Amino acid sequence: MVDSGSNGAVPSTPLLKDELDIVIPTIRNLDFLEMWRPFFQPYHLIIIQDGDPSKTIRVPEGFDYKLYNRNDINRMLGPKASCISFKDSACRCFGFLISKKKYIFTIDDDCFVAKDPSGKELNALEQHIRNLLSPSTPFFFNTLYDPFRKGADFVRGYPFSLREGVATAVSHGLWLNIPDYDAPTQLVKPLERNTRFVDAVLTIPKGTLFPMCGMNLAFNRELIGPAMYFGLMGDDQPIGRYDDMWAGWCSKVICDHLALGVKTGLPYIWHSKASNAFANLKKEYNGIYWQEEMVPFFQSVKFPKECTTVQKCYIELSKQVKARLGKVDPYFNKLADSMVTWIEAWDEFNPSENMGAAAAEVPNGPAQGK
Amino acid sequence: MSLNIEDNEVDIVIAALRSDLTAFMEKWRPFFSRFHLIIIKDPDMEEDLQIPPGFDHQVFTKSDMAQILGATSINFSGHSCRYFGYLVSRKKYIVSIDDDCLPARDNTGTLVDAVAQHIVNLKTPATPFFFNTLYDPFCKGADFVRGFPFSLRNGVECVLSCGLWLNIADYDAPTQVVKPNDRNVRYVDAVMTVPVRAMMPVSGINIGFNRELLGPALLPGLRLAGEGKQRWETMEDIWCGLCTKVVCDHLGLGVKSGLPYVWRGDGVDAQGAMESLKREWEGVKLMEEVVPFFQSVRLPRTAVTAEDCVIEMAAMVKEQLGPLNPVFASAADAMVEWVKLWKAVGSQGA
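Residues numbered from 1 in each chain as written. Chains lettered and ligands numbered in written order. Predicted model: local features only at pLDDT ≥ 70, side-chain atom pairs only at ≥ 80, totals over all residues. Heavy atoms only, no water.

Side note on the overall build of chain B
Here is step 1: Helix and strand counts for chain B stand at 10 helices and nine strands.
Here is step 2: Judged by the C-alpha coordinates and their principal axes, chain B covers about 55 × 45 × 45 Å.
Here is step 3: Contacts in chain B between residues at least 24 apart in sequence constitute 78% of all its contacts with a sequence separation of at least 6.
Here is step 4: Accessible area for chain B stands at about 12,800 Å²; split by element, carbon and sulfur atoms hold 51% of it.
Here is step 5: One way to put it: in chain B the 34 positive side-chain charges average out to a point 4 Å from where the 44 negative ones average out. (Helix = DSSP H or I, 4+ residues; strand = E, 2+ residues; numbered from the N terminus. Contact = heavy atoms within 4.5 Å. Areas by Shrake-Rupley, 256 points an atom, 1.4 Å probe, with all protein chains shown as cover. Lys, Arg positive; Asp, Glu negative; His and termini not counted. Charge placed at Lys NZ, Arg CZ, Asp CG, Glu CD.)

Some details on the pairing of strand E9 (residues 261-271) of chain A
Residue and element names in this part refer to chain A.
Here is step 1: Within E9, 10 of the 11 residues are buried, which leaves it mostly tucked inside the rest of the structure.
Here is step 2: Of the strand pairs in this sheet, strand E5 (residues 111-113) and E9 are connected by three bridges, and their pairing is antiparallel. Across the sheet, Val 113 pairs through a bridge with Ile 269, a residue of E9.
Here is step 3: Here strand E6 (residues 168-177) pairs with E9 via nine bridges, running parallel. (Buried < 20%, exposed > 50% of the residue type's maximum accessible area, 1.4 Å probe, protein only. Pairing = 2+ DSSP bridges.)

Side note on the UniProt feature "site: Required for activity" (unreviewed entry) in chain B
Here is step 1: Within the UniProt annotation, "site: Required for activity" (unreviewed entry) is assigned to Arg 146 and Arg 153 of chain B.
Here is step 2: Its location among the elements puts Arg 146 of chain B in the loop between helix H4 (114-123) and strand E6 (158-167).
Here is step 3: Apart from residues no more than four positions distant in its own chain, Arg 146 of chain B is found in contact with Asp 180, Tyr 181, Asp 182, Pro 211, Cys 213, Arg 241, Asp 244, Met 245 and Glu 284 of chain A.
Here is step 4: Turning to its location among the elements, Arg 153 of chain B is positioned in the loop between H4 and E6.
Here is step 5: Once residues within four sequence positions are removed from consideration, Arg 153 of chain B is found in contact with Asp 182 and Thr 185 of chain A together with Phe 138, Phe 144, Val 145 and Phe 148 of chain B.
Here is step 6: A distance of 2.6 Å separates a polar atom in the side chain of Arg 153 of chain B from a polar atom in the side chain of Asp 182 of chain A. (UniProt positions renumbered as here; feature names shortened; annotations may be inferred. Polar contact = N/O pair within 3.5 Å; in protein donor to acceptor, adjacent residues only side chain to side chain.)

Digging into the UniProt feature "site: Required for activity" (unreviewed entry) in chain A
Here is step 1: Using the residue numbers shown here, the UniProt feature "site: Required for activity" (unreviewed entry) corresponds to Arg 156 and Arg 163 of chain A.
Here is step 2: Counting through the fold element by element, Arg 156 of chain A comes out in the loop between helix H4 (124-133) and E6.
Here is step 3: A polar atom in the side chain of Arg 156 of chain A sits 3.4 Å from the backbone oxygen of Arg 231 of chain B.
Here is step 4: Leaving out residues up to four positions away in the same chain, Arg 163 of chain A has contacts with Phe 148, Phe 154, Val 155 and Tyr 158 of chain A together with Asp 172 and Thr 175 of chain B.

Considering the side chain of Gln 311 of chain A
Residues and elements named next belong to chain A.
Here is step 1: Mapped onto the elements, Gln 311 comes out in helix H9 (residues 310-325).
Here is step 2: Gln 311 gets classed as buried once you look at its relative accessible area, which sits at 10%.
Here is step 3: At 3.0 Å, the side chain of Gln 311 forms a polar contact with the side chain of Asp 347.

Focus on helix H10 (residues 331-349) of chain A
What sets the pattern is the α-helix's 3.6 residues per turn: residues three or four places apart point alike.
Residue and element names in this part refer to chain A.
Here is step 1: Between its terminal C-alpha atoms H10 stretches 26 Å, which fits the 27 Å expected from 19 residues at 1.5 Å a residue.
Here is step 2: Along H10, the positions that sit buried rather than exposed are Tyr 331, Phe 332, Leu 335, Ala 336, Ser 338, Met 339, Thr 341, Trp 342, Ile 343, Ala 345, Trp 346 and Phe 349.
Here is step 3: Check the buried side of H10 and you find it contacts helix H2 (70-77), helix H3 (93-98), helix H6 (221-224), helix H7 (243-258), helix H8 (277-299) and H9. (Expected span 1.5 Å × (residues − 1).)

Here we look at the UniProt feature "glycosylation site" (unreviewed entry) in chain A
Here is step 1: Per the UniProt record, "glycosylation site" (unreviewed entry) is found at Arg 156 of chain A.
Here is step 2: Among the residues examined, Arg 156 of chain A registers a relative accessible area of 1% and is labelled buried.

Quick look at the nonpolar core
Within soluble globular proteins, side chains that are nonpolar tend to cluster in buried spots.
Here is step 1: Of all hydrophobic cores here, the largest spans 243 residues; its most connected members are Trp 246, Ile 254, Tyr 314 and Leu 317 of chain A together with Trp 239 of chain B.
Here is step 2: In terms of residues, this core owes the most to one element, helix H10 (residues 326-346) of chain B, which gives 11 residues.
Here is step 3: Non-local contacts of Tyr 314 of chain A, meaning those with residues more than four positions away in its chain, are made with Pro 226, Ala 227, Tyr 229, Trp 246, Cys 250, Ile 254, Met 339, Trp 342 and Ile 343 of chain A. (Core = buried A, V, L, I, M, F, W, Y, C linked by side-chain atoms within 4.5 Å.)

Quick look at the packing of aromatic side chains
Here is step 1: Considering all chains together, one arrives at 39 aromatic pairs over all chains under this definition.
Here is step 2: For the ring pair Phe 96 of chain A and Phe 219 of chain A, a centre distance of 4.8 Å and an interplane angle of 80° mean the geometry is edge-to-face. Here Phe 96 of chain A, found in helix H3, pairs with Phe 219 of chain A, found in strand E8 (residues 216-220); they are 123 residues apart in sequence, far enough to count as distant. Pair check on accessibility: Phe 96 of chain A and Phe 219 of chain A agree, each one buried.
Here is step 3: Relative to Phe 298 of chain A, the ring of Phe 297 of chain A lies with its centre 5.0 Å away and its plane at 70°, an arrangement referred to as edge-to-face. The residues Phe 297 of chain A and Phe 298 of chain A share a single accessibility class, namely buried.
Here is step 4: An aromatic cluster of three or more residues is present, and its members are Trp 246, Trp 249, Trp 290, Phe 297, Phe 298, Tyr 331 and Phe 332 of chain A together with Phe 130, Phe 138, Phe 144 and Phe 148 of chain B. (Phe/Tyr/Trp six-rings, centres within 6.5 Å; stacked < 30°, edge-to-face > 60°.)

Examining the packing of H7 of chain A against H9 of chain A
Residue and element names in this part refer to chain A.
Here is step 1: The contact between H7 and H9 brings their axes to 11 Å, and the two run at 125°. Of the possible angle classes, the one that applies to H7 and H9 is oblique. Between H7 and H9 lies a crossing of right-handed hand. Between H7 and H9, the contacting residues are Trp 246, Cys 250, Val 253, Ile 254, His 257 and Leu 258 on the first element and Val 310, Cys 313, Tyr 314, Leu 317, Val 321 and Leu 325 on the second.
Here is step 2: Residue composition of the contact of H7 with H9, grouped by class: 11 nonpolar, one polar and no charged. (Axes fitted to C-alpha atoms, helices over the stretch in contact; angles between N-to-C directions. Parallel < 35°, antiparallel > 145°, perpendicular 65-115°, else oblique. Left-handed = near helix turned anticlockwise from the far one by under 90°. Nonpolar A, V, L, I, M, F, W, Y, C, P; charged D, E, K, R; others polar.)

Points about the UniProt feature "glycosylation site" (unreviewed entry) in chain B
Here is step 1: Look at the UniProt record and you will see "glycosylation site" (unreviewed entry) annotated at Arg 146 of chain B.
Here is step 2: Take Arg 146 of chain B: its relative accessible area is 5%, and that puts it in the buried class.

Considering the environment of Glu 289 of chain B
Residues and elements named next belong to chain B.
Here is step 1: Relative to the assigned elements, Glu 289 resides in helix H8 (residues 270-296).
Here is step 2: The exposure class assigned to Glu 289 is partly exposed, which follows from its relative accessible area of 27%.
Here is step 3: As a C-alpha pair, Glu 289 and Trp 263 span 26 residues in sequence and 32 Å in three-dimensional space.
Here is step 4: Filtering out sequence-adjacent residues up to four positions away, Glu 289 remains in contact with Leu 321, Leu 324, Asn 325 and Phe 328.

A look at the interface of chain A and chain B
Here is step 1: Facing the 62 residues of chain A at the interface are 63 residues of chain B.
Here is step 2: Around 5,100 Å² of area is buried between chain A and chain B when both sides are counted, 57% of it from carbon and sulfur atoms.
Here is step 3: Its largest share of buried area at the contact with chain B, chain A owes to Phe 141, Arg 156 and Arg 196 of chain A, together 17% of the area lost on that side.
Here is step 4: Along the contact surface separating chain A from chain B lie 10 salt bridges. (Buried area = accessible area lost by both parts, 1.4 Å probe. Salt bridge = Lys/Arg side-chain N within 4 Å of Asp/Glu carboxyl O.)

Observations concerning the side chain of Asp 170 of chain B
Here is step 1: Mapped onto the fold, Asp 170 of chain B is located in the loop between E6 and helix H5 (173-178).
Here is step 2: Looking at Asp 170 of chain B, the relative accessible area reads 1%, which means it is buried.
Here is step 3: Within the structure, Asp 170 of chain B has its side chain in polar contact with the side chain of Ser 203 of chain B (distance 2.7 Å).
Here is step 4: Dropping the residues within four chain positions of it, Asp 170 of chain B is found in contact with Val 155 and Arg 156 of chain A together with Trp 165, Ser 203, Ile 205, Arg 231 and Arg 264 of chain B.

As for the pattern of salt bridges
Here is step 1: A complete count under the given rule lists 43 salt bridges over all chains for this structure.
Here is step 2: Lys 318 of chain B is the salt-bridge partner of Asp 333 of chain B, the closest N and O atoms lying 2.6 Å from each other. On the criterion of sequence distance, the pair formed by Asp 333 of chain B in helix H10 and Lys 318 of chain B in helix H9 (residues 306-321) is long-range, its members being 15 residues apart.
Here is step 3: Through salt bridges with shared partners, a single network forms among Arg 156 of chain A together with Arg 82, Asp 98, Asp 170, Arg 231, Glu 236 and Asp 237 of chain B.

Below, the structure is given as structure tokens:
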């Protein structure tokens, strides 16, 4: 390990190549992987092919990957496949379900390598790993952001008893170029580009909700996996583009309950494609109204103390969704049911794992493939 | 951001803990000169202040303070003298910067107008009820992200702006003993709202606030038995900030943190830090005792002004923390006394 003195090199981040899967939903092609090759090549990729399963998705040579299309999802889950969305990137959570690794990094196929202000290419995956391997600090805000980053620390007044932090469950990255705006904002500001590189990682405080974007996201599957269900979206559903929001709100309230941390900030990726604002408006339409109900719901969720695992929290959450959001729209009854189906599928595919709080030492299952 | 800042909206309050303010004020001249300055001389300081010409300013010395305040149990010596400046100001906004700080340079090498940035922070809404992942949505080039509820996009009034420091960061004595050579070189180009109910350490080194709405809640309360003249030998601002955040959360007002940076000079060597550690250790221990209190404190709905809130908090501090340590009982008394002073001296014309 290199000494991190004030002008020493940064200690090297472990690759975790046998402990991390990269999950990529796609409906088009995977040409973008070419740019990521130096950073992604050591890892196993789980490709979830959305849309027409008869179409062939071209994967660049030299990657270790497994591709699953709708037929695979139906075959593997049987009737439980109903919980996996079709024609929406929400299908990516199937990849989370079947992975056998401890960590997941998920990225969209229109996200490329970003550069920092000095022009250096950013290894987003390495930064996510660093975020996940260092503690979070949800109980007290540090004004110098992540105190575990080189060159920073806890500021004066930060209680020492809180300086160990808690385990980090989620690392939420950001995007340069096309920002992740909703449809109305896109319509009003079609030319706005995010050019501000904010050199910070920070823990989102306990009790605070945020909009979790799924296009550049990593998490500790053992700590929070079952909560990363991306809901019922897309085809045949009255809502789209709220899959990651839903997963983010569910996982945040569970993290808060189980004393796990959620970080946001670095790494940046370069988001190249602006989706069609009118198409987005159609998908988001109900979401824009329903989020006014969903957010107060999540802000007031309380878990009984018997909810000591992620699965238990999630089942409890599904009951509360049914009881309190069911009256907003029948969609939420279906969603609550699919949340239960998701947990059943999770437990079926991950039988030996006990998704508890950080203290439990979880044995990894045998590594699959390479 | 092209927000209009009126000259007569802002007072700049400087606690003078050193007598020669020439270099400090010359460096800040481009950003200070249009505003009125209130300079409070540390009551413990013997020497006269040296202030360069060309500033619209008023100096308050120990005798001025005694004359205006009369007899008071509050000790305004050291960094706490700045609160006197907050008391006598009649402006809507106050910007307060320690006298060992100079303008910083941003990533383009441009000098940062810390005063203007604080005022921009205070004049644009805060968003404490939901975290925007692109940080300040009112900044040019940013906005609310997908998933941020529309009903929360108006935001609330921002009443406290907490800036940061390049070079010598605001670390406590133990950290400086361990890392005497560490310098903060990372310029994080963001302002963000600190979410409701999140506790935070408010450093008094570089702040701006809305005096009209928040005034009485910026208070000199907690004085360490061995408090010294160095920031890392005090906890007064940390205590003040914890109380202020509770008040803001209760009143539905916002607190921002991030830009502007100032450049803070005058570090300390390891031996000096060890000396400070002997003084500040008490403060470090006290922080442990206050965390559960601030995590759970809830103010009654009848408290609708900052003054009301401070009085309520003082009573709770006395009752719940007073038994743990006499320092807290004194803090509670100081908070009550402060509101009395504020009513007598502070609020006229506010």
